[in-house]
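# Tertiary structure, described
Take a look at the letters that make up each chain.
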Amino acid sequence: AQSVTQPDIHITVSEGASLELRCNYSYGATPYLFWYVQSPGQGLQLLLKYFSGDTLVQGIKGFEAEFKRSQSSFNLRKPSVHWSDAAEYFCAVGAIDDYKLSFGAGTTVTVRA
Amino acid sequence: GAVVSQHPSWVICKSGTSVKIECRSLDFQATTMFWYRQFPKQSLMLMATSNEGSKATYEQGVEKDKFLINHASLTLSTLTVTSAHPEDSSFYICSARGGTTDTQYFGPGTRLTVL
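Okay, so let's go over this structure. None of the values given here were measured: they were computed from a predicted structure.

## Points about the overall build of chain A
Scanning chain A for helices and strands turns up zero helices and twelve strands. N-terminal to C-terminal, the α/β element order of chain A is β-β-β-β-β-β-β-β-β-β-β-β. A globule of 113 residues ought to have a C-alpha radius of gyration of about 13 Å, and chain A, at 13 Å, matches this closely. For chain A, the proportion of its 113 residues judged to be buried stands at 47%. Within chain A, contacts between residues at least 6 apart in sequence are counted, and of these 54% link residues at least 24 apart. When the accessible surface of chain A is summed, it comes to about 5300 Å², and 49% of that surface belongs to carbon and sulfur atoms.

Next comes the structure, spelled out in structure tokens:
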């Protein structure tokens with residue numbers, strides 16, 4: 001069975017500072033890995049995804065994530081956060097055969113001025 | 001591209017009534033659609049997977065007779081919550097996957113409140 005752990009429930013970061021969100025997964029084979037962002041009143045938006053190849057993945061809005069197989073991790077980073085980055089972030093792992101996604105519990109990001 | 005809509009965005013109903021939620025892929029054909037449920041401050045829990053023209057596959061613990069799913073066309077799936085009760089109040093989100101893409105695109109969700 002696949003599962004995702006996001007250890008940080010809530011992170012507060014100053015505007016302009018760097019951000020890193022942690023994600024650990026459990027999956028028996030090569031996983032599909034995703035990061036989604038959910039803003040209040042809006043649907044989930046895909047930030048980036050990893051299927052294979054280069055382990056450093058670039059996404060939208062200046063986000064990037066690094067797949068580390070040895071650590072079963074797929075951490076999300078942004079060098080300099082903007083106030084508009086305040087949202088809920090979900091890491092998800094997908095099965096290759098049926099595309100079902102398992103989501104982590106989410107990390108709430110608060111950006112202070 | 002890859003826009004998914006849901007209707008209604010919110011609904012309030014009385015206990016015992018049924019509610020239908022629509023999920024549409026607006027600019028692509030969705031071979032597979034997924035229905036999730038999200039409780040406040042919690043993650044998304046997959047309820048069921050539906051493929052066009054076939055019966056939905058429900059996750060363990062999800063009552064198929066309570067949550068009826070119909071994927072009648074390549075752009076529309078519906079979730080009907082039958083005989084709704086207050087414990088069915090939640091945020092319901094659909095997603096769609098089209099063709100050979102490995103990515104799910106999510107709708108904005110429907111807030112259901114059962115009084």
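## Remarks on the interface of chain A and chain B
On the side of chain B, 19 residues touch chain A, which itself brings 18 residues to the contact. The contact between chain A and chain B buries some 1500 Å² in all, and 55% of this surface belongs to carbon and sulfur atoms. Our enumeration of links across chain A and chain B arrives at one salt bridge. Residues E59 of chain B and K100 of chain A are paired through a salt bridge, measuring 2.7 Å at the closest nitrogen-oxygen approach. Summed over the shared surface of chain A and chain B, the result is four residue pairs in polar contact (both at pLDDT 80 or more). Elements with a contribution of two residues or more to the side of chain A that touches chain B: strand 5 (32-38), strand 6 (44-50) and strand 11 (101-103) of chain A. Ranked by the residues each element gives to the side of chain A that touches chain B, the list is headed by strand 5 of chain A, at four residues.

## Regarding the state of the cysteines
A covalent bond bridging the sulfur atoms of two cysteines is what the word disulfide describes. Across all of its chains, the model carries two disulfides over all chains by this definition. Here C23 of chain A engages in a disulfide with C91 of chain A; their sulfurs sit 2.0 Å apart. Given an S-S torsion of about -65 degrees, the disulfide between C23 of chain A and C91 of chain A has left-handed geometry. Here C23 of chain A is found in the loop between strand 3 (19-21) and strand 4 (24-26), whereas its partner C91 of chain A is found in strand 10 (residues 87-94), with 68 residues between them in sequence. Owing to a relative accessible area of 0%, C91 of chain A belongs among the buried residues under this scheme. With its sulfur 2.0 Å from that of its partner, C23 of chain B forms a disulfide with C94 of chain B. Negative torsions about the S-S bond denote left-handed disulfides, and the value of about 80 degrees found for C23 of chain B with C94 of chain B makes this one right-handed. Here C23 of chain B is found in strand 3 (residues 19-25), whereas its partner C94 of chain B is found in strand 9 (residues 90-97), with 71 residues between them in sequence. For the pair C23 of chain B and C94 of chain B, one class covers both residues: buried.

## Brief notes about the packing of aromatic side chains
Taken as a whole and judged by the stated rule, the model has 15 aromatic pairs over all chains. On the numbers, 5.6 Å between centres and 85 degrees between planes, the contact of F103 of chain A with Y36 of chain B is edge-to-face. Placement of the pair is F103 of chain A in strand 11 and Y36 of chain B in strand 4 (residues 32-38), with the two residues belonging to separate chains. A residue is classified by how much of its surface remains accessible, and F103 of chain A, at 10% relative accessible area, is buried.

## Focus: the pattern of salt bridges
Residues and elements named next belong to chain A. Summed over all chains, the structure comprises seven salt bridges over all chains. One salt bridge in this structure joins E66 and R77, with 3.4 Å as the shortest N-O distance. A residue pair is termed long-range when its members are at least 10 positions apart, and E66 in strand 8 (residues 64-68) and R77 in strand 9 (residues 73-78) qualify at eleven residues. Taken together, the salt bridges that share partners define one network made up of E64, E66 and R77.

## Regarding the pairing of strand 8 of chain A
On a regular strand, one side chain projects to one face of the sheet and the next to the other, so that they alternate. Residue and element names in this part refer to chain A. Examined bridge by bridge, strand 7 (residues 56-58) and strand 8 share three bridges and lie antiparallel to one another. Bridge pairing in strand 8 places V57 opposite A65. Hairpin geometry of strand 7 and strand 8 is characterised by an intervening segment of five residues between the two adjacent antiparallel strands and by a positive phi of about 60 degrees at K61. Taken together, the five bridges between strand 8 and strand 9 define a ladder with antiparallel strand orientation. For E66, the partnering residue across the bridge sits in strand 9 and is N75. Remark: four residues form the turn of the hairpin made by strand 8 and strand 9, two consecutive strands paired antiparallel; S72 in that turn has positive phi of roughly 50 degrees.

Reading the values: rules and limits
- Residues numbered from 1 in each chain as written.
- Chains lettered and ligands numbered in written order.
- Predicted model: local features only at pLDDT ≥ 70, side-chain atom pairs only at ≥ 80, totals over all residues.
- Heavy atoms only, no water.
- Helix = DSSP H or I, 4+ residues; strand = E, 2+ residues; numbered from the N terminus.
- Rg over C-alpha atoms; globule rule 2.2 N^0.38 Å.
- Buried < 20%, exposed > 50% of the residue type's maximum accessible area, 1.4 Å probe, protein only.
- Contact = heavy atoms within 4.5 Å.
- Areas by Shrake-Rupley, 256 points an atom, 1.4 Å probe, with all protein chains shown as cover.
- Buried area = accessible area lost by both parts, 1.4 Å probe.
- Salt bridge = Lys/Arg side-chain N within 4 Å of Asp/Glu carboxyl O.
- Polar contact = N/O pair within 3.5 Å; in protein donor to acceptor, adjacent residues only side chain to side chain.
- Disulfide = S-S within 2.5 Å.
- Phe/Tyr/Trp six-rings, centres within 6.5 Å; stacked < 30°, edge-to-face > 60°.
- Pairing = 2+ DSSP bridges.

Function cannot be inferred from these measures alone, as they are strictly geometric.
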